Amino acid sequence: MRIEFQGPVGRLEGLVDEPDESLRGLAIVCHPHPVHGGTMNNTLVYRTARALRAGGFATLRLNFRGVEESEGEHDGQGGEDEDARAALDWLVERYGSDLPVWAAGYSFGSRTVASLARSEPRIERVLLLAFPVNHYDLRFLTEVTQPVFAVFGAEDPFGTASDFARAFPELVGRVEVAEIQGAEHFFRGRTPLVEDAFREYVLEHAPA
């Protein structure tokens, strides 16, 4: 279902999908960098959302400000965090505040949801795909108190599981990490493995 909702700097567009069976949770799913063509229709964003729906989550994939029909201009310095918060607000208003809320994102989207989680106690779990530890200063991740699951490509120049461990030695063992062998930043030829990794995690941790 295509929707429109009010963001901090104008109207935002999104896609909402509900699980086939009973609704057990809510999740926002954020896309990669807008300047490099990232949108809510990205294949990995779609597969991440589908993995969440397998666990009973209604998902909202949003287009950040300035992307396709969403109003505003790319910010990159925290503005998109607030777009994601507005998407979370829409989900909670639509489905109710008694359902658990998760947040997931790919690349720039993973940076966004991790940043948002620091100031958004409604988010109970955070799912990160291709968290770009070699590209941004992401020390704020140490402030995230929610459980985090991160999936990396073993050949990703933007950051591998080993790069993550070097950047965040204090988070080793606290953040659950999976790595897909032979995968680079776009997971070409391995997108089903991304969905499988997230589906396994979701089914293990989704509310009963």
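As a reminder, the structure under discussion sits directly above these lines.
We now turn to the structure provided with this report. Since we're looking at a predicted model, the values are computed, not measured. (Residues numbered from 1 in each chain as written. Predicted model: local features only at pLDDT ≥ 70, side-chain atom pairs only at ≥ 80, totals over all residues. Heavy atoms only, no water.)

### Side note on the packing of aromatic side chains
- Going through the model one piece at a time under the given rule, you end up with 7 aromatic pairs.
- Ring plane angle 50 degrees and centroid distance 4.6 Å describe the contact between F57 and W102, whose orientation is recorded as tilted. Placement of the pair is F57 in strand β4 (residues 57-62) and W102 in strand β5 (residues 101-106), with a sequence separation of 45 residues. By the burial criterion, F57 is buried, and W102 matches it.
- Ring-pair connections join several aromatic residues into one group, and the members of that group are F57, W102, F149, F198 and Y201.
- Positioned above the aromatic ring of Y136, the side-chain terminus of R111 is 4.1 Å from the ring centre. (Phe/Tyr/Trp six-rings, centres within 6.5 Å; stacked < 30°, edge-to-face > 60°. Helix = DSSP H or I, 4+ residues; strand = E, 2+ residues; numbered from the N terminus. Buried < 20%, exposed > 50% of the residue type's maximum accessible area, 1.4 Å probe, protein only. Lys NZ or Arg CZ within 6 Å of the ring centre and 35° of its normal.)

### Some remarks on the sheet that holds β4
- What the 8 strands build is an open sheet, ordered β1-β2-β4-β3-β5-β6-β7-β8; its pairing is mixed. Whereas interior strands pair on both sides, the edge strands pair on one side only; in this sheet they are β1 (2-7) and β8 (176-180). Strand-to-strand twist of the sheet, defined as the mean angle between neighbouring strand axes without regard to direction, takes the value 25 degrees.
- Summarising the sheet, β1 and strand β2 (residues 10-17) pair through 6 bridges and their orientation is antiparallel. From the neighbouring strand, G7 faces β2, where its bridge partner is G10.
- Here helix α1 (residues 43-54) sits on the sheet and contacts β2, β3 (25-30), β4, β5 and β6 (123-129); the angle it forms with β4, its principal contact strand, is near 165 degrees.
- Strand contacts of helix α2 (residues 79-95): β1, β2, β3, β4, β5 and β6, with the helix running at about 155 degrees to β3, the strand carrying the most contacts. (Pairing = 2+ DSSP bridges. Axes fitted to C-alpha atoms, helices over the stretch in contact; angles between N-to-C directions. Contact = heavy atoms within 4.5 Å.)

### Points about α2
- An ideal rise of 1.5 Å per residue puts 24 Å on 17 residues; α2 measures up with 25 Å between its terminal C-alpha atoms.
- With 13 of 17 residues buried, α2 is to be regarded as a mostly interior element.
- One or two residues past the end of α2 sits G96, with phi positive at roughly 105 degrees. (Expected span 1.5 Å × (residues − 1).)

### Here's the deal with the nonpolar core
- F5, L128, F131, L141 and F164 are the most contacted members of the largest nonpolar core, which totals 45 residues.
- In terms of residue count, α2 provides more of this core than any other element does, 8 residues in total.
- Core analysis: the next-biggest nonpolar cluster, separate from the first, contains 25 residues, L129, A197, Y201 and A206 among them. (Core = buried A, V, L, I, M, F, W, Y, C linked by side-chain atoms within 4.5 Å.)

### Considerations on the pattern of salt bridges
- Per the counting criterion, the structure on display carries 17 salt bridges.
- For R47, the salt bridge goes to E195, with nearest N and O atoms at 2.5 Å. One end of the pair, R47, is in helix α1; the other, E195, is in helix α5 (residues 191-205), with 148 residues separating them in the sequence.
- A salt bridge links R118 to E143; the shortest N-O distance between them is 3.5 Å. (Salt bridge = Lys/Arg side-chain N within 4 Å of Asp/Glu carboxyl O.)

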